[in-house]
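# Tertiary structure, described
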Amino acid sequence: MPLSQEEILRYSRHLIMPEVGMEGQLKLKAASVLLVGTGGLGAPLAMYLTAAGIGRIGLVDFDVVDHTNLHRQVIHGTKDVGKPKIDSAIETMHDINPNVVIDRHEVALTSENALEIIKNYDIVVDGTDNFPTRYLVNDACVLLGKPNVYGSIFRFEGQATVFAYEGGPCYRCLYAEPPPPGLVPSCAEGGVLGILPGVIGLIQATETVKLILGIGEPLKGRLLLYDALNMKFRELKLRRNPECPICGEHSTIKELIDYQEFCGIPQKQEEVPVTGDITVTEVKAKLDRKDDFTFVDVREPHEWQICRIEGTTLIPMNDVPKRLGELDQDAEIVVHCKMGGRSAKVVDFLKANGYPKARNMVGGILEWSAKIDPSVPKY
Amino acid sequence: MAKVLIPTPLRQYVDKKDVVEASGASVAEVLTGVVTAHPSLKKQIYSDEGKLRSFVNVYVNDEDIRYLDKEKTAVTDADTLSIVPSIAGGR
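Cut-offs applied
Residues numbered from 1 in each chain as written. Chains lettered and ligands numbered in written order. Predicted model: local features only at pLDDT ≥ 70, side-chain atom pairs only at ≥ 80, totals over all residues. Helix = DSSP H or I, 4+ residues; strand = E, 2+ residues; numbered from the N terminus. Buried ≥ 20, exposed ≤ 12 C-beta atoms within 10 Å, placed from the backbone. Contact = placed C-beta atoms within 7 Å. Pairing = 2+ DSSP bridges. Axes fitted to C-alpha atoms, helices over the stretch in contact; angles between N-to-C directions. Domains from an automatic or database assignment.

This brings us to the overall build of chain A. In terms of helices and strands, chain A carries 15 helices and 13 strands. In terms of overall dimensions, chain A has C-alpha extents of about 80 × 50 × 40 Å along its principal axes. Per-residue burial over chain A gives 41% buried out of 379 residues. Taking the contacts inside chain A whose residues are at least 6 apart along the sequence as the reference set, 67% of them involve residues at least 24 apart.

This part takes up the interface of chain B and chain A. Across the contact, 21 residues belong to chain B and 35 residues belong to chain A. Looking at the side of chain B that touches chain A, the elements that each hand over two or more residues are helix 1 (8-11), strand 4 (63-64) and strand 5 (80-85) of chain B.

So, on to the pairing of strand 3 (residues 56-60) of chain B. Residues and elements named next belong to chain B. When you tally the buried positions in strand 3, you get 4 out of 5 residues, the bulk of the element. Bridging between strand 3 and strand 5 involves 5 bridges; their strand directions are antiparallel. Opposite V60, over in strand 5, you have L81 as the bridge partner. The sheet contact formed by strand 3 and strand 4 spans 2 bridges and is antiparallel.

Our next topic: the sheet that holds strand 6 (residues 157-163) of chain A. Residues and elements named next belong to chain A. Judged by pairing direction, the sheet is mixed, and its 8 strands sit side by side in the order 3-2-1-4-5-6-7-8 without closing on themselves. Either end of the sheet is taken by a strand with one partner, and the two such strands are strand 3 (101-105) and strand 8 (232-237). Across the sheet, the mean angle separating the axes of adjacent strands is 15° when strand polarity is ignored. Two elements, strand 7 (residues 222-227) and strand 8, share 6 bridges in a ladder whose sense is antiparallel. Paired with L225 across the bridge in strand 8 is R234. Relative to the sheet, helix 7 (residues 131-144) contacts strand 1 (32-36), strand 4 (123-126), strand 5 (148-154) and strand 6, its axis offset from that of strand 4 by approximately 165°.

In an α-helix, one turn spans 3.6 residues; hence positions three or four apart end up facing the same way. All names here are of chain A. Counting buried positions along helix 4 (residues 42-52) gives 9 out of 11 residues, so the element sits mostly inside the fold. All of the buried residues in helix 4 are G42, A43, P44, L45, A46, M47, L49, T50 and A52. Those residues of helix 4 that are buried lie in contact with helix 3 (21-30), strand 1, strand 2 (56-60), helix 5 (85-96), strand 4 and helix 10 (196-213).

What follows covers the domain arrangement of chain A. If you check the domain split of chain A, you get domain 1 (31-262) and domain 2 (277-371). Its C-alpha centre places domain 1 of chain A at a distance of 37 Å from the equivalent point of domain 2 of chain A.

This is the structure we're talking about:
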């Protein structure tokens, strides 16, 4: 399909560069790219790839825009809060460039649908936020022979590379296994500098465009590390692991597996309260009755500055071992954090160290805000 | 002393530093020096059996030690080690 007059004008700054030119622009128009996730990485990716004139872009997302997304997910605006991300993203993309065909996949990518979805695209870009989906995207790309443009972010730091491209290494060559759940915090737990996904997402977009145009040196076999605080880019060698279970010489994985199980994530069914748990309602009742107990907040001091529950003592999780002396072994202790993860670990630690009456306030201060006191801000 | 670059998720275990130094003639010796000085880092990068965890990669300069001499890889004071854990954030 030749370019229309409108497209020639729109892409004129591409067309006048010999490295792109009419031939390159037509390659972009003929290309199809699947973006998994329209969040921090997916937002700049979708916007720039749309502007660049990729012919067909598929979006996979089933999330809804919320306020905490807005400091980085620039494809969504304040008016979009509460809307499906996929709708909000398509609206922005359509405004940027109506020539681009956009496929909606408003589903979670799973072992059942991944091959069916991915097979219809030339290139896959991984902008997900969890280990199971990252391994799933990797395995599906290896099995289908599709390049996987990878990026991930944490706080002030990012990683990017191109996996499974022309005999290059895959994600499993880099990390054979994911960390056990809870050991590596997510962006929701650990935070992320709002600008960071812009940098990493655009590195992914750059690689995607280069792969389509067939120009330059792809980021294959190299892991790019970005450190925003020191403003440093470093590059590490990435090799294909001959023993890789999926792309190695004697691969054992021939089809998609159960990635939740692979990543050690327990299947949802255990809503039964664990011994040592206490609900926010019970804690509120204890406070109202003026029960004698110690109420400990194990979040970080900078979180304490955002909000706190009256009557709590701040002992950040990592300080608990050295501040044990401040706690009375006979006292009833209620521990809370933001969502209940850190406090559960602290309660386990306390119980193992002679504090049998330690209890974990389930759901943390977010639950407190939702059920007891809405004047406590959510963050 | 060899330099060891510490990634963001692990800085909380090394007094918030982004680089630490330790002496040693091999990767194992340098890392032992680091975890001796910062004991809480140990369980983050080593399993209970004392093996480097599989989601933590160690590089000497830009080369992955799995393709050198693993933890026996020789290290000089001029080398920089990097600990690079798996991160998954994207949203």
